[in-house]
Each structure stands twice: as C-alpha cells, then as structure tokens.
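# Structural overview for review
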Amino acid sequence: MEHIPSPTVDLVSLAPVLVLSVFAMMVLLVDLYVKRDKTLVIFISLVGLLMTAISAFAKFDLPVHSFNDSYVVDELSVFFIMIFTLSSALAILLSIDYNKREGIRMGEYYSLILLCTVGMILLASSTDMIMIFLGIEIVSICLYVLAGIRRSDPKSNEAALKYFLLGAFATGFLLYGMTLVYGATGTTKLGLIAELIREEQIASKPLMLMGIVLLIIGFGFKVASVPFHMWAPDVYHGAPTPVTAFMAVGPKAAAFAAFFRVFAEAMPVLSPSWESLLCIVAVLSMFIGNVGAIMQTNIKRLLAYSSVSHVGYILIAVIAKNSLGSSSLVFYMLAYAFMIFGAFGIVILIGRKENEMLEIADYSGLAYKHPLMAISMSVFLLSLGGMPPLAGFVAKFYIFSAAIKEGFVTLVVLAVLNSVISFYYYLKVIVYMYMKEPEGEFQISLAPMTVFVVVIAMVGTAGLGIFPDPILYFTQH
Amino acid sequence: MSEYFFISLAAIVAIGVVAVLLLLSTILGPRNPNRAKLTPYECGIIPQEEAKGRYPVRFATLAMLFIIFDIEVVFMYPWAVSLGELKLFGLLEMVVFIAILGIAYIYIWGRGGLEWD
C-alpha cells in the first residue's frame, strides 16, 4: 500500500484563519441566545477581526510555506489580510445603522461577513489550486447569501439568484481550467507548476493553454472584468448597500491576490500567451466600465460600472507582474477600500427608511443643505477618478509606473485616457450636488457609526494621497 | 485487458436479456386497457386530487440538514482506517471536526430548523 504523506501542519501560520473561524462560530452561537440586541454580536465580530489582524503577524522570517506547500505566509498575504480585516470591519460598522433602518435583524449577517473573510484569507494565502478553489467557494457562498439577505425585497432576491447562477457557472470554468493545467503539469501546486513550465515541452501543451484561458474566464468573472461583468451592476444594485461596498472591496481584492499568484508568480514564463489576453480584458474593462457608467442614473449602478473600470486598472498590475506590480496592487486595493467605503457611506447616510434615494437626481442641491456631506462625496468621487493629491491618484500612478517599467506604454496611455473619461460621470454627480436646485427635502439623520466610517474613509483617502510613503514602504519591504 | 473483456461481456448479456424480454412482452402480451388499469396508481384506491398540486417542501430542509451528518460519516471512514498512523493528532482533528459540526447542529436546533410546523 502506498504511504500517504502526512502534511506539514503549522497551525501558527494558519492562525488568522483559525482565530476568525472561531469568532464566526461564536457569533453564530451568541446570536441564538441574545436575540434582540445586536450590540454584543457586533462587538464580538469586531474584536475577532482585530485579533485576526494581530495574529497575521505571528510569523517572522517570511515567507513561511506549510501544509505541503499549499499555504504560504508572505508579505503579500499579510498585507492582504490587513486589507480584508479593514474592509470587513468597515462593512460591519456601516451595517449597524443600515440594518436597523432596513430591518435586517439576522445575526447570521455578521457571521457570514466573518466567514467570507476567512475565505478571502485562504484565497490570498494559498499556493495550491485546490486551496484557491476552496477559498473562492467559501467567499462566493457567503456572498450569495449576503446579497439576498433582504428576503422580502425582490431586488435583493434577484441579485442573489443572478449572482448564484452566474457564479456557479463561472466556478465551473475555473475548476475546468485548473483540471486542464493539472492535466498538463501533473500537479496543483503553484510552486511546482512554475518550475515545470520552464520546460518547453510542457509549456507548449495545448492543454496548458486551454487551461490558462479557462482560468482567465473564471477569475475574470470573480473580479467582474469585461466581458464577464454583466452580473455586477444588477448584483451591486440589489444587494444591501454595506454588502455592495464589501463586495466591491474585500472579495475582489482576494480574487486579485489569487489572480496575481497564479499568473504573475507561477506562470511568468508563459506570459507571452496570457499577457495579450489580459491586456484585451483590461482595456475592455476600462472602456466598457466607463462608458457604461456614463449612462447610469442610479448611484449604485454608477459605482458598479466604475468598479468594473477599476478592475481594468488593477489588471494592469497583474500584467506588469514585477515586484512593483504586487506592491502597487496592494496599495491600490487599500486606497480603493477607503474610497469605496466612503462613497457608499454617504449613499447610506442620504437614504432613509422608505426611500433609499439612490437616483443621482436625488443628490440635487445637496451642497446647499449639507455642505460637509457634499464635500466628502466629492472627495471620494474625485479620488476614484484619480485626482491629485488624493489616494486614487497615487494608487493609479504606481500601477502605471509599474507597467511603464515593463514597457506597456500603449496600455498605460489607454488607461490614462480612460481616467479622463471617468471624470465625466464622477463630475456629473458633483454638478448635481453643487449646481442644481434641491428637488425634494433631505431627511438625513446622522447615524453615528456610518459617520464614523465616512470619517475614517476620509482620513484614509486624504492621508494615503498626501503621505503615501509609510504605506508604500510597507508594501515594498 | 482480459478483465475488461468479461465486464463488457456481462454488460452485453445484461443489455441483451433486457432488450429481448421487453421485445417479447410487447409482441406477445395481451392488451386490453380499461379505466381501472389506466389510473396512475393501480392500488384500488381512487385518486383524491391532481398530483400536480402544491405541497410544502419542509422535508427538503431536513434532507439538506441530513447531508451534514452524511458527510461527517463519509469522512470518518478513511479516518478510521488510517487512525493507527495518525495517532493522537488524528483523534484531536476529528474531535475538532465533530465539534464544528456540533455547533452547526446547535445552530440549526436553536433556529428551529428541526421543528415540523
């Protein structure tokens, strides 16, 4: 009988996953017995996220490989865990007042966000395709439920169903791609694949190339890049707003981390065969995202299309595939987290119980009634567009310079052109806020936690833009 | 290759027997359809209503919950076989696994997933 190799177990390097799983289960149980008041559940969730962020630093001398080379703790994964815990904490803080207003009383909501974060950590730290698949599934299943958590709202149901059906379909593509790559190389370990494909004989197998194409389709769906973006506007629109913000940041960052690991770290040798394909996807994402956003009248759909175009920019970091690419990728995701949570925070603040005020026309004259809110919304939108000296500008600058260093000048020129296009619709919202007469009454109750998130996001957006050096130092070392 | 030959021989014989029997019964069998014979269930009881009506699928939830424990047992078989090699570590791992499933069970119970009405 063949001997089964027992895996090299290293629970310390798995600490963030374990800590967060325990807290997620604790939330689930506490919620059973404390039915009315959600304060305790929310408190436990936030403490759990904090502990997770701390436990990410349990290992020194990075990178540490464990579990037969299928799990790694390196600078990239530690930094991504920071982004995940930050975005989950912001999502939970945003949800507190929103859930009260919209009557979402399920404690599972918080547990699902924590479990989704577990999946994201696995996704960003795995170096084995099976583990990547598991991570993607954990993340997706939690998100399907979160998107449909407002069970009485048909829009929310539609979002969940569309996301589920298309997501399951895309997972099939991803898995098929992994199977073909396994067929070509005989292993699912990214490290081994990287070595094996140095040989011309394996690298030029049609199986391998088919696998790569299918992997791009699968990942492309998960990050919502064109032409696999059709679900994004509907799902972002129908999901509860804090979940939308969460989806646009955390899971997307996790999918990009895996994307980077599979393509830029494991298959740089094969880049001639996937580079041009990703370039096309990136350029299409930018153009279709931006042109699509121009035509939107709903603020959530506008932000959804804008996030499609941002996927295009971030893909450039994957295409650049140098160390500057990975550090600009994490910097971009961090900056993007602040901008998106800020913008959606304002969207939540403006809404009220019966009317969520999601039309752009609803923002008319906001500057006359609530000048501070109009200013912060403008800052977030301009930062999304890439206006100096805000975070969005620095983030884009680093991605573009990483690509220029690798010689992708045309790609960068197209990306800069797109940034200019994107200002049209970001400015449109600002024009509504500052230059139109108010149409109806604003009934804004300043929910403290939501305001707190907006303030954090504001500090982050301005801070990363004006003093990017400390964070950049971290991402590069 | 020889074992495949016998398997395929068995398959051909099985398919052949079924085909011949079906053919013979359609050719030779008497055919006199009447009302009692054409009712959906030939059990002598007159059908009460259309079978297409709506009915609660509560049992579906229970069936889904059952899967959890199904998988638990399936997972235990290979574990039990290799327990000698895994030693104490294997035992602890299984305790953790069952504890997690136990939490799921408590959750289901507390949420009223096991109540019929």
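Residues numbered from 1 in each chain as written. Chains lettered and ligands numbered in written order. Predicted model: local features only at pLDDT ≥ 70, side-chain atom pairs only at ≥ 80, totals over all residues.

## With respect to the overall build of chain B
- Along its length, chain B carries 4 helices and 0 strands.
- C-alpha extents for chain B along the principal axes are approximately 70 × 55 × 20 Å.
- The buried share among the 117 residues of chain B stands at 0%. (Helix = DSSP H or I, 4+ residues; strand = E, 2+ residues; numbered from the N terminus. Buried ≥ 20, exposed ≤ 12 C-beta atoms within 10 Å, placed from the backbone.)

## As for the overall build of chain A
- Looking only at helices and strands, one finds 20 helices and 2 strands in chain A.
- Rg of the C-alpha trace for chain A: 22 Å, near the compact-globule value of 23 Å for 477 residues, within the 12% margin.
- Principal axes of the C-alpha set define a box for chain A whose edges measure 75 × 55 × 40 Å.
- Within chain A, the proportion of its 477 residues that are buried is 57%.
- Contacts spanning at least 24 positions in sequence make up 80% of the contacts within chain A whose residues lie at least 6 apart. (Rg over C-alpha atoms; globule rule 2.2 N^0.38 Å. Contact = placed C-beta atoms within 7 Å.)

## Overview of helix 4 (residues 108–125) of chain A
- Along its 18 residues, helix 4 of chain A runs 25 Å from first to last C-alpha, staying within 8% of the 26 Å computed at 1.5 Å per residue.
- Of all 18 residues that make up helix 4 of chain A, 17 are buried, and the element is covered over most of its length. (Expected span 1.5 Å × (residues − 1).)

## Brief notes about the interface of chain A and chain B
- Each partner contributes to the interface: chain A provides 5 residues, whereas chain B provides 5 residues.
- When its residues are assigned to classes, the side of chain A that touches chain B shows 5 nonpolar, no polar and no charged. (Nonpolar A, V, L, I, M, F, W, Y, C, P; charged D, E, K, R; others polar.)

## Describing unusual backbone geometry
All names here are of chain A.
- The step from valine 226 to proline 227 runs through a cis peptide bond, and the omega angle for that step is 5 degrees.
- Relative to the elements of secondary structure, proline 227 occurs in the loop between helix 9 (206–222) and helix 10 (231–238).
- With an omega of 5 degrees, the peptide bond running from proline 388 to proline 389 counts as cis.
- Following the sequence through the fold, proline 389 ends up in the loop between helix 16 (371–385) and helix 17 (391–405).

## Quick notes on the nonpolar core
Residue and element names in this part refer to chain A.
- Ranked by size, the top nonpolar core spans 184 residues in total, and within it Leu123, Ile316, Ala335, Phe341 and Ala343 carry the most contacts.
- It is helix 14 (residues 323–350) that provides the largest number of residues to this core, a total of 21 residues.
- In contact with phenylalanine 341, not counting residues within four places along its chain, are Leu90, Leu94, Ala245, Val249, Val453 and Ala457. (Core = buried A, V, L, I, M, F, W, Y, C linked by C-beta atoms within 7 Å.)

## Examining the environment of isoleucine 316 of chain A
Residues and elements named next belong to chain A.
- Assignment of secondary structure puts isoleucine 316 in helix 13 (residues 299–320).
- Between the C-alpha atoms of isoleucine 316 and lysine 405, which are 89 residues apart in sequence, the distance is 12 Å.
- In this structure, isoleucine 316 is in contact with Ala282, Ile399, Ala403, Leu411 and Ala415, ignoring residues within four places of it in sequence.

## Examining the packing of helix 12 (residues 271–294) of chain A against helix 13 of chain A
Residues and elements named next belong to chain A.
- Contact geometry of helix 12 with helix 13 gives a least axis separation of 7 Å together with a crossing angle of 155 degrees. Our classification of the angle between helix 12 and helix 13 gives roughly antiparallel. Note on packing geometry: the crossing formed by helix 12 with helix 13 is left-handed.
- Grouping the constituent residues of the contact of helix 12 with helix 13 by class yields 17 nonpolar, 7 polar and 1 charged. (Axes fitted to C-alpha atoms, helices over the stretch in contact; angles between N-to-C directions. Parallel < 35°, antiparallel > 145°, perpendicular 65-115°, else oblique. Left-handed = near helix turned anticlockwise from the far one by under 90°.)

## With respect to the confidence of the model for chain A
- Looking at chain A, pLDDT values average 90 and 98% of them are 70 or higher.
- When mean pLDDT is compared element by element in chain A, helix 4 of chain A scores highest at 95, while helix 20 (residues 469–476) of chain A scores lowest at 77. (pLDDT = per-residue confidence, 0-100.)

## Side note on the packing of helix 6 (residues 154–185) of chain A against helix 9 of chain A
Residues and elements named next belong to chain A.
- Contact geometry for helix 6 and helix 9: axes closest at 7 Å, N-to-C directions at 155 degrees. With respect to helix 9, the element helix 6 is oriented roughly antiparallel. Note on packing geometry: the crossing formed by helix 6 with helix 9 is left-handed. Of helix 9, the residues touching helix 6 (which contributes Ala170, Thr171, Phe173, Leu174, Tyr176, Gly177, Met178, Leu180, Val181, Gly183 and Ala184) are Leu207, Met208, Met210, Gly211, Leu214, Leu215, Ile217, Gly218, Phe219, Phe221 and Lys222.

## Things to note about the environment of methionine 26 of chain A
- Examined against the element boundaries, methionine 26 of chain A turns out to sit in helix 1 (residues 15–33).
- Taking the C-alpha atoms as reference, methionine 26 of chain A lies 48 Å from proline 206 of chain A; in sequence the two are 180 residues apart.

## Describing the environment of isoleucine 121 of chain A
All names here are of chain A.
- Looking at the secondary structure, you find isoleucine 121 in helix 4.
- Judged by local crowding, isoleucine 121 falls into the buried class, with 27 C-beta atoms found within 10 Å.
- With 136 residues separating them along the chain, isoleucine 121 and alanine 257 place their C-alpha atoms 9.7 Å apart.
- With residues near it in sequence (within four places) discarded, isoleucine 121 still touches Pro16, Val17, Ile81 and Phe84.

## Let's talk about helix 1 of chain A
- Compared with an ideal rise of 1.5 Å per residue, which puts 19 residues at 27 Å, helix 1 of chain A spans 28 Å between its outermost C-alpha atoms and is within 8% of the ideal.
- Check the buried side of helix 1 of chain A and you find it contacts helix 2 (39–55), helix 3 (75–102) and helix 4 of chain A together with helix 4 (83–110) of chain B.

## Examining the confidence of the model for chain B
All names here are of chain B.
- Of the residues in chain B, 93% reach a pLDDT of 70 or more, and the chain-wide mean stands at 84.
- Mean pLDDT in chain B bottoms out at helix 2 (residues 35–38), which sits at 74, and peaks at helix 1 (residues 2–28), which reaches 91.
- Per the prediction output, this complex has pTM 0.88; the corresponding ipTM is 0.80.

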